[in-house]
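# Descriptive structure summary
These are the residues of each chain, in order.
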Amino acid sequence: MTSSTEGRERPDTAAAAARPDGPAVVLVGPPGAGKSTVGAVLAARLGTTVRDTDEDVEKAAGKPIPDIFYDDGEPAFRALERAAVRAALAEHPGVLALGGGAVMDAATRELLAAHRVVFLDVELADAVKRVGLDAPRPLLAVNPRQQWRTLMEQRRPHYTQVARATVTTAGRTPDEVAELVLAALENHPA
């Protein structure tokens, strides 16, 4: 494996940033996995941009995700999320970070089958350190640790189904995780 700790592009993965058929890589995983942070590092290394579908949902709704949940309900949020993921997969050539629950939609999973998806797996202790489970996350509002565990039990099979590779983030910096994602893409090409 070639190291890219100096931020240089990898010749074999740099071309992926210009893929005409969708994102160079799609990151999936639970809250606290580091999808947005690692996505930014990957985008810099690949010389491309990063897009986060949670941000797309907030822009479309004109309000933060917790407000969408509380004002409009989870079904409204999921409809916005489906549309955001569909649009991003069709339009964005760079690194794409999906919201943690996007994989729960069967149509989204079907769309992801044609893309280079990496599951960023995180342990509860690391998720707590990264996002603090007291942050405004609607599905984690009551007993956040237990809710996170329950979400992972429900979502893990879907994360692993859509992913070509899994990268465990435990005890790793965003740079180290990005390096492992690049290596996984080399080992699991499109």
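Scope of this entry: the structure provided in the associated data block. Since the model is a prediction, treat every value here as computed from it, not as a measurement.

The next point concerns the nonpolar core. Grouped together as the largest cluster of nonpolar side chains are 21 residues, with contacts concentrated most on Val25, Leu27, Leu42, Val118, Leu120 and Val181. Counting residues per element, the ones that place at least two in this core are β1 (25–28), α2 (35–46), β4 (117–121), β5 (165–168) and α9 (174–187). When residues in this core are grouped by element, the largest group, six residues, is from α9. Of all hydrophobic cores here, the second largest spans 16 residues; its members include Val28, Ala88, Val103 and Met152.

Successive residues of a regular strand alternate their side chains across the two faces of the sheet. Burial along β1 is two-sided: the residues Val25 and Leu27 and Val26 and Val28 are all buried. Where β1 and strand β3 (residues 95–97) come together, three bridges link them in parallel fashion. Counterpart to valine 26 in the pairing with β3 is leucine 96. Where β1 lies against β4, three bridges are found, and the strand directions are parallel. Pairing of leucine 27 across the sheet is with valine 118, part of β4.

Time to look at the packing of aromatic side chains. The tally for this structure, following the rule as stated, stands at two aromatic pairs. Where phenylalanine 69 meets phenylalanine 77, the ring centres are 4.8 Å apart and the plane angle is 35 degrees; that geometry is what we call tilted. With respect to class, phenylalanine 69 is no different from phenylalanine 77; both count as buried. Ring centres 4.9 Å apart and planes at 25 degrees place the aromatic pair phenylalanine 119 and tyrosine 159 in the stacked group.

Among the five residues that make up β4, five are buried, leaving the element largely enclosed by the rest of the structure. Of the two faces of β4, both are covered, the one formed by Val117, Phe119 and Asp121 as well as the one formed by Val118 and Leu120. Pairing analysis gives four bridges linking β4 to β5, with the strands arranged parallel. From the neighbouring strand, phenylalanine 119 faces β5, where its bridge partner is threonine 166.

Basis of the calculations
Residues numbered from 1 in each chain as written. Predicted model: local features only at pLDDT ≥ 70, side-chain atom pairs only at ≥ 80, totals over all residues. Heavy atoms only, no water. Core = buried A, V, L, I, M, F, W, Y, C linked by side-chain atoms within 4.5 Å. Buried < 20%, exposed > 50% of the residue type's maximum accessible area, 1.4 Å probe, protein only. Helix = DSSP H or I, 4+ residues; strand = E, 2+ residues; numbered from the N terminus. Pairing = 2+ DSSP bridges. Phe/Tyr/Trp six-rings, centres within 6.5 Å; stacked < 30°, edge-to-face > 60°.

The values reported here are purely geometric and, on their own, carry no functional implication.
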